[in-house]
Amino acid sequence: IQKVIVKDSIIFVLDGRLAKKIFTFNAHNGKFIKNVGRLGHSKEEYTSIQDFGVDTEKKLIYCLCDMDKVKVYDYNGNFISTHDLGIIAYRMVYHNGKFHFISTDPGKGNLIIMDQKFNLVKQHFINEPGQPELVMVEPIQIRWDGKITYRRYLDNNIYVLDENDDPQILYSLNFGKNSFNLEG
């Protein structure tokens, strides 16, 4: 299991490695409801699923698929649309009407923020060519208070996004002589 989101009395569970699906369960009794999307090659299907987010207002599930697109499904698991991102992304959160993606594309931000129509809003921490890449397990998440935290590979800081989606240092970790130096 890579991710669990509980919204609208539904438990959404991502198993992107073995089953390669999102499962939904009733949050009151734990009973399985249905799968969201399916593996395959048609426009409604995906060949891999990396992450997902839930829009409780529109009752939509956004699936980050094949590392370069978002497929949209309704709460009943019905396919709605596909959106090409123009970036390679391996993690995402959907929050307050915006998508927050983690990307390793050289020359593009490691943290990329897009609006509801998948237009670039902001990008932070530009990935330099030749910079080490490592897919971190949970580099971005929504905290209990609704704020987004973010951690970049080889960075001593943990950031929180402010109301303008700009990263502010939340914690600075002191590893002593083993600290990371991103400046070179």
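Refer to the structure printed above.
Worth saying up front: this structure is predicted, and the values here are computed from it rather than measured. Once a new chain begins, its residue numbering starts again from 1 and follows that chain's sequence as written. Whole-chain, interface and lining totals are the exception, using all residues; otherwise, since this is a predicted model, local features are given only for residues with pLDDT of at least 70 and side-chain atom pairs are given and counted only at 80 or more. With hydrogens and water set aside, each side-chain value is computed from the structure's full complement of heavy atoms.

Draft legend 1. Structural detail: the overall build of the protein. Working definition: helices are DSSP H or I runs of at least four residues, strands are E runs of at least two. Numbering for both runs from the N terminus. A tally of regular secondary structure across the protein gives 0 helices and 16 strands. Principal-axis analysis of the C-alpha atoms gives the protein an extent of 50 × 35 × 30 Å. Partly exposed describes any residue whose relative accessible area lies between the buried limit of under 20% and the exposed limit of over 50%, with all areas from a 1.4 Å probe on protein chains only and scaled to the type maximum. Counting every position in the protein, which comprises 184 residues, the buried fraction comes to 42%. In this analysis, two residues are considered to be in contact whenever any of their non-hydrogen atoms come within 4.5 Å of each other. Within the protein, contacts between residues separated by at least 24 positions form 33% of all contacts whose residues are at least 6 apart in sequence. Carbon and sulfur atoms form 51% of the exposed surface of the protein, whose accessible area is close to 10,000 Å². Charge counting follows a simple rule: Lys and Arg are positive, Asp and Glu are negative, and His as well as the terminal groups are ignored. Positions of charges follow a simple convention, taking NZ of Lys, CZ of Arg, CG of Asp or CD of Glu. Between the mean site of the 23 positive side-chain charges and the mean site of the 23 negative ones, the protein shows a separation of 5 Å. Accessible surface is estimated by sampling points in the Shrake-Rupley manner with a 1.4 Å probe; for residues, cover comes only from the protein chains shown.

Draft legend 2. Just unusual backbone geometry, in detail. Here the phi dihedral of Lys20 falls at roughly 55 degrees; this positive angle occurs in a residue that is not glycine. Along the polypeptide, Lys20 turns up in the loop between strand 2 (10–15) and strand 3 (21–26). The exposure class of Lys20 is partly exposed, given its relative accessible area of 29%. For Asp66, which is not glycine, the phi torsion reads 55 degrees and is therefore positive. Checked against the element boundaries, Asp66 lands in the loop between strand 6 (60–65) and strand 7 (69–74). Asp66 sits in the partly exposed class, given a relative accessible area of 21%.

Draft legend 3. The arrangement of a nonpolar patch on the surface in detail. A surface patch of nonpolar side chains, about 320 Å² in accessible area, is lined by Ile1, Val4 and Val6. When you line up the elements, Ile1 lands in the segment before strand 1 (3–7). Patch construction takes residues with relative accessible area above 30% that form no salt bridge. Like charges are linked within 9 Å, and nonpolar side chains (Val, Leu, Ile, Met, Phe, Trp, Tyr) are linked within 5 Å. Counted as salt bridges are all cases of a side-chain nitrogen of Lys or Arg within 4 Å of a carboxyl oxygen of Asp or Glu.

Draft legend 4. Representation of the sheet that holds strand 5 (residues 49–55). Think of it this way: DSSP has to see at least two bridges between two strands before they count as a pair. The 4 strands lie next to each other as 5-6-7-8, forming an open sheet whose pairing is antiparallel. Looking along the sheet, the strands with just one partner apiece sit at the ends: strand 5 and strand 8 (79–84). On average, each strand axis in the sheet is tilted by 20 degrees relative to the strand beside it, whichever way the strands run. Across 5 bridges, strand 7 lies against strand 8 in antiparallel orientation. Opposite Val70, over in strand 8, you have His83 as the bridge partner. Axis definition: a line fitted to C-alpha atoms, limited for helices to the stretch in contact. Angles are taken between N-to-C directions and run from 0 to 180 degrees.

Draft legend 5. Focus on the packing of aromatic side chains. Side-chain rings of Phe, Tyr and Trp, where Trp is taken by its six-membered ring, are said to pair if the distance between their centres is within 6.5 Å; with planes under 30 degrees apart they count as stacked, over 60 as edge-to-face, and otherwise as tilted. The final tally for this structure, using the stated rule, is 14 aromatic pairs. Considering the side-chain rings of Phe99 and Phe101, the 6.0 Å spacing of their centres and the 15 degrees angle between planes classify their relative orientation as stacked. A relative accessible area of 0% places Phe99 in the buried class. Site record: aromatic cluster; members linked through ring pairs are Tyr62, Tyr94, Phe99, Phe101 and Phe118. The ring centre of Phe52 lies 5.5 Å from the NZ or CZ of Lys3, which sits over that ring. As a reminder, the over-ring test applies to NZ of lysine and CZ of arginine, requiring each to be within 6 Å of the ring centre and within 35 degrees of the ring normal.

Draft legend 6. Focus on the side chain of Gln50. Its location among the elements puts Gln50 in strand 5. Take Gln50: its relative accessible area is 13%, and that puts it in the buried class. When residues no more than four places from it in sequence are discounted, the contact partners of Gln50 are Leu14, Leu64, Cys65, Asp66, Met67, Tyr90 and Arg91.

Draft legend 7. Summary view of the sheet that holds strand 15 (residues 157–161). Strand order in the open sheet formed by 4 strands is 13-14-15-16, and the pairing between neighbours is antiparallel. Edge strands, defined here as strands with exactly one partner in the open sheet, are strand 13 (140–142) and strand 16 (167–172). Averaged over all pairs of adjacent strands, the angle between strand axes in this sheet comes to 30 degrees, irrespective of strand direction. Looking at chain direction, strand 15 and strand 16 are connected through 5 bridges and run antiparallel. Across the sheet, the residue bridging to Val160 is Gln168, located in strand 16.

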